[in-house]
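Okay, here's what each chain looks like letter by letter:
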Amino acid sequence: MDEEPMTVGYNLETKPLNAEQKDIMRMSRHSLSPLFLLANKSLNQSPAGHPLRNLVSPARESDEAPGVSADTILALWLRRIFFLIFVGATTLSFGIASALATEPLVSDPMADKTPTVSVPAQVVQIDAQIKAVWDAYQLTPSRDATNSEWCRRVFLDLIGRIPSIDEVEQFLDDKGATRKQALVNRLLYDDAYTEEFARNWTTIWSNLLIGRTGGNANGSMINRDGMLKYLRDSFARGKPYDQFAHELISASGSTAPGTENFNGATNYLIDKVNQEKGSQATASTSRIFLGLQVQCTQCHNHPFNDWKQKKYWEMNAFFRQSRARSAGMQSGMGTVATLDDVNFRGENGNNLDEAEIYYEMRNGLVAAAWPVFVDGTEVEKSGDISVINRRTKFADLTVASPFFAKAIVNRTWAHFLGYGFTSPIDDLGPHNIPTHPSLLEYLAGEFRDSEFNYRQLLQWIVLSKPYALSSRQNRTNKTDDPLLGESPRFSHFYLRQMQAEQLYESLLVTTGGAQKTASWEEQERIKNRWLQQFNRAFGNDEGGEATNFNGSIPQVLMMFNSEMIRAATGVNQGSLVAEVAGSAMSAKQMVEAIFMAGLSRKPSRDELALAKSLVNANNGDLAKGLSDLWWVILNTNEFILVH
Amino acid sequence: MNFKTPRGMNRRHFISHLAGASAFVGSAMAMGRTLEANARTLTKNRKAAILLWMGGGPSSIDLWDLKPGSNTGGPFRPIATNGDMEICEHLPMMAKHMDKASIVRCMSTREADHTRGRYYMHTGYVPNPNVIHPSLGAVVAHQLGTERPELEIPAFVSVGGDSEGPGFLGMAYSPFSVNSSGRIRNLNLGISPDRVSSRIEALRLMETGFINQNRGIAAAEHAKVVGKTVSLMSSAQMDAFKVEQEPSGVRERYGDTNFGRGCLLARRLAEAGVPFVEVNLGGWDNHQNIFNTLQNQKLPELDRGMSALFEDLAQREMLDDTAVIWMGEFGRTPQINGNTGRDHWARSWSVVAGGAGMTPGVAIGQTNEDGTRIEGQTYSSEDLMATVCKSLGIDLETTFTSTSGRPMKIANSGKLIKGLI
């Protein structure tokens, strides 16, 4: 028993992988998903299987390890299932098992028919507190979203793409009372989705930490591959969020994969510590991990609250031992740089014991500052790293701060619900009262108690009532719309546009594009190159950037005419259109398939008629007609808006 | 085939069939017509504004309000101009056109943070979590663009940068971002006009269906932008973006730089009836090594492009109708820091404005001898915005209703800059 590998599910979070486990992980990420093989096998045996079952694979086909046959993968997968059952049966007192005990989750996707899954207590609390606000404002919440709407939403938000036809149908066919929990658990914990889950959250966090343009500019020390590798590993392994944040804030080592002392986490701060006395490091770290906007106090006292200019510089003093050094471009590795902490002798250059910094007050006088955390905690004034590593200390204080859990809860809530409890989401300062203060506190406390288990936080929010609501407004809740300048009450789902990355991944699922054969890193580079058409860095010391993938004309032009859309709507072999047109389906089924692929729902009667007219307008060329229909679907507001 | 064609069904029937069901079909039909490419000229109100946006916060103390001899002055010397003021020695070409523009040397704006300053200088409002204000470009596009139904290309174009958004005015007034070459990606559908029409008509029907489900503003906004895109794709006015059609002499005059081409593109667009163009020149966040950077990189590029624009507009008799504004998010500290740089400074700085009837050739307001303070009257973003709106003939009593139902006066009730208008 002891030799049995602890491979899957929650255990990933606490135990390093052994060689065989890594092998399994690697295969499930890089080859055809074993789950999908299984699913296909059974479908293929069933004569009544959907004719489109082979059309859309949930996993990306990529550099399949040579010599590993599907049978081998299947065998490994089966071993894993047996093991899962074993784990489930004994509920090991292992690491995270305490969390499991209070919160039974379906650990085996094959066993989700048994309705043993209760709704987590946190979900009950969210629902109650959200409802209290509806009641207070006399809002009647919208009805629940349809099952296919909910399913599409969950796929987009958790793994960053729309569901395939198979995936929607699998969910719709499941009539069990716990099917929502089962789907969420599958996306969060099933190895078949580990790759895509990690990819989605890698995208979200790299956009936050280094921006979409980070590492692309000349002179940038960021090694994008290194940043992505770090994030991907962290999310695939379910690293606790406090450890994740601590690593990012305190990282030292080399930025580039393949170099000595490689530590991808260094890429977060590598471009931020040298500039302007580390002002970006101070501002970003406070904003991202604590939800505190200290940057405007750099030059003057805070306009809205009692934070003083001094506070900014005291926070800034934590980053003054840090040095980024560029080693330039190196062949095969891209930009290489190192982030380290060195003795800081104060700004006057000879005060190691009390290494001070200076700042100019608005009255023109100059004052000195030493590291003091935002809550007033003072640390040693020494600049000697053998006495105190100021950045590590800052990381310690950050993860212990009550703002730490609140900031991530608020950010995560906004990811799923479209708006946070404060606006902007990364400003939790005393002047900015949250819309649901006690819920924010509660979730922050629960998240801390879960030992910062990020997947659990995701699960609580995704299973909550407000996330389940339709985006259709009713008469009482039309005014509940932040676009109207109102605070969000979450009485209906707020429309929001897909991110460019979500569009890209969604199209990939339905296209059979050539990108699928590339390695993970290369896939990400191809995607990043494609994204650059939308992104622009402002080139200032705040690292600001903008995207015009924001519902503007260039975006619509891209959706109309770009090579990517031409490929997606093409009629070449392997494309959605070719598969549908070449199948034995009836006309109605074909139209339904196109609707399901793009909108995760069947067409209405009117839409069916419209689709038929569209197809007929091509003088009987079926493939052309279906291609037109697919183009129309991809260009609709319904497709691009998460609803 | 699988689809049974009703007897007599062809494309024409298809469209007329749709016409019964769609309010949009008029413009969809227009698409078909304009595909035949009938160029039209614009005759009405020719007013336009060109904003030269200096991203990063340009050091106006080194360009337009020099302090030679003071400890904040830096190494640059002032030179005489053909206007009634001196400017930096490294802007010699501009010095010959300062009879066409004026300097406002008494800007005082409070926002010394890039994101906030950028927002404030574009909108006239400080950032507010509950409402997103429209930028000057969106306001002008809204006010002047809607008076120009013959305009088939976007009324707000941003060259080499993204400007700020339309806020509560909606995505239909958002900046259309292009690079300085004017090349626009993805313009061509590559399929027959018939197929284009039927696709677009079906799309409009689908969009309408979703809009009617009461899911919020975004659904209708998307359809509006689709409409604008369709109109642009088929328009002969798109030729205005083709900078390469200019004679080589003209292109040389503007300079073979992104900013130079951007200025030339702005002139072409204004000529074609686009009421607002923003041209971006970044790289002004000079916390270190500022004087080298200015002298060898920023100022030569700026000098050539900006002077060419004024000269060209004047020669084409467009300057009386075209406001040109030069500004960034703030100025830079009079004090020179330890890295031979200047930091962010919003308390006392300068902008340049000219054309569209604004008084040329003068310097308005003044700073003290080391540039750290304004002496006398100060002006702010909303004042500049009000002044520009006035010069374009936009009524300053115009009040917008934001999506929240809150009334908002155009340009945040700014006051006119005395001496400029």
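This is a predicted model, so every value here is computed, not measured.

Rules of the game
- Residues numbered from 1 in each chain as written.
- Chains lettered and ligands numbered in written order.
- Predicted model: local features only at pLDDT ≥ 70, side-chain atom pairs only at ≥ 80, totals over all residues.
- Helix = DSSP H or I, 4+ residues; strand = E, 2+ residues; numbered from the N terminus.
- Contact = placed C-beta atoms within 7 Å.
- Buried ≥ 20, exposed ≤ 12 C-beta atoms within 10 Å, placed from the backbone.
- Nonpolar A, V, L, I, M, F, W, Y, C, P; charged D, E, K, R; others polar.
- Expected span 1.5 Å × (residues − 1).
- Pairing = 2+ DSSP bridges.
- Axes fitted to C-alpha atoms, helices over the stretch in contact; angles between N-to-C directions.
- Domains from an automatic or database assignment.
- Core = buried A, V, L, I, M, F, W, Y, C linked by C-beta atoms within 7 Å.
- Parallel < 35°, antiparallel > 145°, perpendicular 65-115°, else oblique.
- Left-handed = near helix turned anticlockwise from the far one by under 90°.

J.: Can you walk me through the overall build of chain A in this structure?
T.: What chain A contains, in helices and strands, is 27 helices and nine strands. Taking contacts inside chain A between residues at least 6 apart in sequence as the whole, the part at least 24 apart equals 67%.

J.: Whenever I open this one, the overall build of chain B confuses me. Can you help?
T.: Scanning chain B for helices and strands turns up twelve helices and 16 strands. In chain B, which comprises 421 residues, the share counted as buried stands at 57%. Once local pairs closer than 6 in sequence are excluded, the contacts in chain B between residues at least 24 apart make up 75%.

J.: What exactly am I supposed to notice about the interface of chain A and chain B here?
T.: Interface size is often expressed as the accessible area that is lost when the parts come together. The partner chain B presents 62 residues to the 58 residues of chain A that form the contact. Secondary-structure elements contributing two or more residues to the side of chain A that touches chain B are helix H21 (553–561), helix H24 (587–599), helix H25 (605–616), helix H26 (622–635) and helix H27 (637–640) of chain A. A per-element tally of the side of chain A that touches chain B places H21 of chain A first, with seven residues. Its residues placed into classes, the side of chain A that touches chain B shows 26 nonpolar, 23 polar and nine charged.

J.: When you look at H24 of chain A in this model, what are you seeing that I'm missing?
T.: Structurally, the α-helix is built with 3.6 residues per turn, so residues lying three or four positions apart point the same way. All names here are of chain A. Helix length check: H24 (13 residues) gives 18 Å between terminal C-alpha atoms against 18 Å at 1.5 Å per residue, within 8%. Of all 13 residues in H24, ten are buried; the element is thus mostly enclosed. When H24 is considered as a whole, its buried residues turn out to be Met590, Val591, Glu592, Ala593, Ile594, Phe595, Met596, Ala597, Gly598 and Leu599. Downstream of H24 by a residue or two, Ser600 has a phi angle that is positive, lying close to 60°.

J.: Which parts of the structure should I look at to understand the sheet that holds strand S12 (residues 363–364) of chain B?
T.: Note on sheets: strands pair through backbone hydrogen bonds, and any given pair is parallel or antiparallel. Residue and element names in this part refer to chain B. A sheet is described by the order of its strands in space; here eight strands give the open sequence S6-S5-S7-S1-S8-S11-S4-S12, paired in mixed fashion. Single-partner strands in this sheet number two, and they are strand S6 (176–178) and S12. As paired strands, strand S1 (residues 48–53) and strand S7 (residues 276–280) are joined by five bridges and run parallel to one another. Among the inter-strand pairings, Leu51 is bridged to a residue of S7, identified as Glu278. On top of the sheet, helix H10 (residues 258–271) reaches S1, strand S5 (156–159), S7 and strand S8 (322–327); it is set at about 175° to S7, its chief contact. Running at roughly 165° to S8, helix H12 (residues 381–391) makes contact with S1, S8 and strand S11 (349–354) of the sheet.

J.: What exactly am I supposed to notice about the domain arrangement of chain B here?
T.: Residues and elements named next belong to chain B. For chain B, the assigned domains read domain 1 (45–182 + 242–413) and domain 2 (190–241). Here the C-alpha centre of domain 2 lies 33 Å away from the C-alpha centre of domain 1. Across the boundary between the two partners, domain 1 contributes 13 residues, which contact twelve residues of domain 2. Sort the elements by how many residues they give to the side of domain 1 that touches domain 2 and H10 lands first, with three residues. Looking at side-chain class alone, the side of domain 1 that touches domain 2 contains eight nonpolar, two polar and three charged residues.

J.: Please explain the pairing of S7 of chain B as it appears in this structure.
T.: Side-chain direction in a regular strand flips from residue to residue, so the side chains alternate between the two faces of the sheet. Residues and elements named next belong to chain B. Summarising burial for S7: five of the five residues are buried, a large majority. Residues Phe276, Glu278 and Asn280 of S7 are buried on one face, and the alternating residues Val277 and Val279, pointing to the opposite face, are buried as well. In terms of strand pairing, S5 meets S7 through four bridges, oriented parallel. The residue bridging Val157 from the neighbouring strand is Val277, located in S7.

J.: Where do I start with the nonpolar core in this structure?
T.: A general trend in soluble globular proteins is that nonpolar side chains are found buried together. Residues Ile594 of chain A together with Leu52 and Ile325 of chain B are the most contacted members of the largest nonpolar core, which totals 263 residues. The element contributing the most residues to this core is helix H11 (residues 290–315) of chain B, with nine residues. What Ile325 of chain B contacts, discounting residues up to four positions off in sequence, is Ala49, Leu51, Leu52, Val351, Ala353 and Val388 of chain B.

J.: Where do I start with the packing of H10 of chain B against H11 of chain B in this structure?
T.: Helix packing geometry: the angle between the two helix axes and the distance between the axes. Residue and element names in this part refer to chain B. Where H10 contacts H11, the two axes come as close as 8 Å, and the packing angle between them is 20°. Between H10 and H11, the angle falls in the class roughly parallel. Of the two possible hands of crossing, H10 and H11 adopt the one that is right-handed. Each of Phe259, Gly260, Cys263, Ala266 and Arg267 in H10 lies in contact with H11, whose residues at this interface are Glu301, Leu302, Arg304, Gly305, Met306, Ala308, Leu309, Asp312 and Leu313. Each residue belonging to the contact of H10 with H11 can be placed in one class, and the counts come to eight nonpolar, two polar and four charged.

J.: When you look at the sheet that holds strand S3 (residues 334–341) of chain A in this model, what are you seeing that I'm missing?
T.: All names here are of chain A. Read from one edge to the other, the open sheet built from three strands follows the order S1-S3-S2, with strand pairing classed as antiparallel. Edge positions in the sheet fall to strand S1 (253–254) and strand S2 (322–330), since each has one partner strand and no second. With seven bridges joining them, S2 and S3 adopt antiparallel strand pairing. Note on S3: the bridge partner recorded for Arg325 is Thr338.

J.: For this particular structure, what's the right way to read the packing of helix H12 (residues 279–290) of chain A against helix H13 (residues 309–316) of chain A?
T.: Residue and element names in this part refer to chain A. For the pair H12 and H13, the least separation of the axes is 9 Å and the interaxial angle reads 100°. Between H12 and H13, the angle falls in the class roughly perpendicular. Of H13, the residues touching H12 (which contributes Ser279, Thr282 and Ser286) are Tyr312, Met315 and Asn316. Of the residues that constitute the contact of H12 with H13, the class distribution is two nonpolar, four polar and no charged.

J.: Would you explain the environment of Gly383 of chain A in this entry?
T.: Residue and element names in this part refer to chain A. Positionally, Gly383 belongs in the loop between strand S5 (366–369) and helix H14 (390–400). Among the residues examined, Gly383 registers 25 C-beta atoms within 10 Å and is labelled buried. Between the alpha carbons of Gly383 and Pro424 there is a distance of 35 Å; along the sequence they are 41 residues apart.

J.: Help me understand the environment of Leu557 of chain A in this model?
T.: Note on placement: Leu557 of chain A falls in helix H21. For Leu557 of chain A, a count of 21 C-beta atoms within 10 Å gives the class buried. When neighbours within four sequence positions are excluded, Leu557 of chain A is seen to be in contact with Arg185, Asn186, Leu187 and Thr229 of chain B.

J.: Looking at this structure, I do not really get H26 of chain A. What am I missing?
T.: Residues and elements named next belong to chain A. The end-to-end C-alpha distance of H26, which contains 14 residues, comes to 20 Å, matching closely the 20 Å that a straight helix rising 1.5 Å per residue would cover. For H26, the tally of buried residues reaches twelve of 14 residues, placing the bulk of the element in the interior. Among all positions in H26, only Leu622, Gly625, Leu626, Ser627, Asp628, Leu629, Trp630, Trp631, Val632, Ile633, Leu634 and Asn635 are buried.

J.: Teacher, can you tell me more about the pairing of S8 of chain B here?
T.: Residue and element names in this part refer to chain B. With six of six residues buried, S8 is to be regarded as a mostly interior element. Both faces of S8 are covered, namely the face carrying Thr322, Val324 and Trp326 and the face carrying Ala323, Ile325 and Met327. Taken together, the six bridges between S1 and S8 define a ladder with parallel strand orientation. The partner of Trp53 across the bridge, within S8, is Met327. Here S8 pairs with S11 via three bridges, running antiparallel. Of the residues in S11, the one forming a bridge with Val324 is Gly354.

J.: Please explain unusual backbone geometry as it appears in this structure.
T.: Peptide bonds are mostly trans, and most non-glycine residues show a negative phi. Residue and element names in this part refer to chain A. Following Ser423, the chain continues to Pro424 via a peptide bond in cis, the omega torsion being -5°. With respect to the element layout, Pro424 can be found in the loop between helix H15 (402–417) and helix H16 (437–449). One non-glycine residue, Gln138, adopts positive backbone phi at about 55°. Note on placement: Gln138 falls in the loop between helix H5 (121–136) and helix H6 (147–159). According to the C-beta neighbour criterion, Gln138 is exposed, with 8 such atoms within 10 Å. Positioned with a positive phi, Glu451 is a non-glycine residue whose angle comes to about 60°. Looking at where Glu451 falls in the secondary structure, it is placed in the loop between H16 and helix H17 (454–462). Among the residues examined, Glu451 registers 17 C-beta atoms within 10 Å and is labelled partly exposed.

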